[in-house]
Amino acid sequence: MEKKLVVITGASSGFGMELAKEFANSGHPLLLLARRLDKMEALNLPNTLCKSVDVANKDAFEKAIREAEAIYGKTDLLINNAGVMLLGDLATQDPQEWKQMLDINVLGVMNGMQAVMGDMKDRQTGTIINVSSIAGVLPFHNHAAYCASKYAVRGVTQTARLELSPYNVRIISVEPGAVATELLSHTTSEDIKEGYKEWMKSSGANRIQAIDVARTIKFAYDLPQSVLLRELIISDTKQN
Ligand code: NDP
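Please read all numbers here as calculations on a predicted model, not as lab measurements.

Visitor: For this particular structure, what's the right way to read the overall build of the chain?
Guide: A count of helices and strands for the chain gives seven helices and seven strands. Traced from its N-terminal end to its C-terminal end, the chain shows the element sequence β-α-β-α-β-α-β-α-β-α-β-α-α-β. Its C-alpha atoms give the chain a radius of gyration of 17 Å, near enough to 18 Å, the size a compact globule of 240 residues would have. Dimensions of the chain, computed from the C-alpha atoms along their principal axes, are close to 50 × 40 × 35 Å. Buried positions account for 42% of the 240 residues belonging to the chain.

Visitor: Looking at this model, I keep getting lost on the sheet that holds strand β7 (residues 231-234). Mind explaining?
Guide: Hydrogen bonds between backbone atoms are what pair the strands of a sheet, whose relative direction is either parallel or antiparallel. Pairing in this open sheet of seven strands is parallel, and the strands run β3-β2-β1-β4-β5-β6-β7 from one edge to the other. A strand with exactly one partner marks an edge of an open sheet, and here the two such strands are β3 (48-52) and β7. Here the average twist between neighbouring strands, direction ignored, is 15 degrees. The sheet contacts of helix α7 (residues 210-222) involve β4 (75-80), β5 (127-131), β6 (170-176) and β7, and relative to β7 the element is tilted by about 160 degrees.

Visitor: Whenever I open this one, helix α6 (residues 190-203) confuses me. Can you help?
Guide: One turn of the α-helix equals 3.6 residues, which is why residues spaced by three or four share an orientation. Taking 1.5 Å as the rise per residue, α6 with 14 residues should run 20 Å; its terminal C-alpha atoms sit 20 Å apart, in good agreement. Where α6 ends, the next residue or the one after it, glycine 204, has phi of about 80 degrees, a positive value.

Visitor: Would you mind showing me how to read the nonpolar core here?
Guide: As a rule of thumb, soluble globular proteins bury nonpolar side chains together. In terms of nonpolar packing, the biggest core is built from 64 residues, with Val7, Ile8, Ala20, Leu30, Leu31 and Leu32 touching the most fellow members. Examining the composition of this core, we find that nine residues originate from one element, helix α4 (residues 95-123), more than from any other. For leucine 30, the contacting residues outside a window of four places in its chain are Val6, Ile8, Ala20, Phe23, Ala24, Leu45, Asn47 and Thr48.

Conventions adopted
Numbering of residues begins from 1 in every chain and follows the order in which that chain's sequence is written. Only residues with pLDDT of at least 70 are given local features in this predicted model, and only at 80 or more are side-chain atom pairs given and counted; all residues enter the totals for whole chains, interfaces and linings. Only DSSP runs of H or I covering at least 4 residues are called helices, and only runs of E covering at least 2 are called strands; the numbering of each starts at the N terminus. For the radius of gyration, the atom set is restricted to C-alpha positions; the globular benchmark scales as 2.2 Å times the number of residues to the power 0.38. Buried residues are those with 20 or more other C-beta atoms within 10 Å of their own C-beta, exposed residues have 12 or fewer, and partly exposed residues lie in between; C-beta atoms are placed from the backbone. Strands are labelled as partners when DSSP assigns at least two bridges between them. Every angle, taken between N-to-C directions, lies between 0 and 180 degrees, and every axis is a line fitted to C-alpha atoms, over only the stretch in contact when it is a helix. Whether two residues are in contact is decided by their C-beta atoms, placed from the backbone, lying within 7 Å. One fewer than the residue count of a helix, multiplied by 1.5 Å, yields its expected span. The term nonpolar core refers to a set of buried Ala, Val, Leu, Ile, Met, Phe, Trp, Tyr and Cys residues connected through C-beta atoms within 7 Å.

Next up, the structure:
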């Protein structure tokens, strides 16, 4: 069967990079988006267009999707995976960090959704997968603004399902637990970063890998179009 276009945001590291490799292995043409073009191009995947795009820039995001569709055909799967995690104490955190997370983690996801939803509804097929977090399900210390962004991703996903399901379009939210990637590195408080690393080590919840998350996401996509895994919560067995 002909493999269709998969768009993956945040493909320059972590989950997105593993997703790109998994879908390329299955023969899908790809559009990979992130700000660091060199990291995506270094993957050297076949039938792949890589674009340096900030997902918060709606026009650039849409333009890249239209460009890829002109080459590979319509988007069958969009994985809104790009995100940042800037942990901080709500009482003292720089509000610019809140804004950055809401712009990228929430509006970036909605930008992607709007870029593909119309076509998917017209064609009565397609899948959107939004990467939220276990921090979109449960509260964690120093996660207030990050939790706000990830609860929002779940909210927008579940609400969009009401709009999309009559058109046979699937929308799924994914809530991964803690996985060692570059995600923590952007938090500006060294104390919080150290505390997080210590918690991962002492809890033993540090065995799950980005590839495990990527394979679980692909499993959900590979189910028949008539089967919707609405939400996926995936974590290390030892994470509570
Ligand atoms: P990484 O930091 O390894 O990857 C994040 C990716 O997002 C990078 O490719 C980064 O690329 C991209 N990105 C960040 N900002 C932008 C932007 N403005 N425009 C385009 N791309 C952007 O983290 P993970 O792989 O761990 O995270 C992937 C997703 O999973 C995120 O949404 C994260 O919140 C979520 N998640 C992660 C968990 C974890 O423990 N690792 C747990 C739960 C959820 P670049 O910098 O090149 O733009």
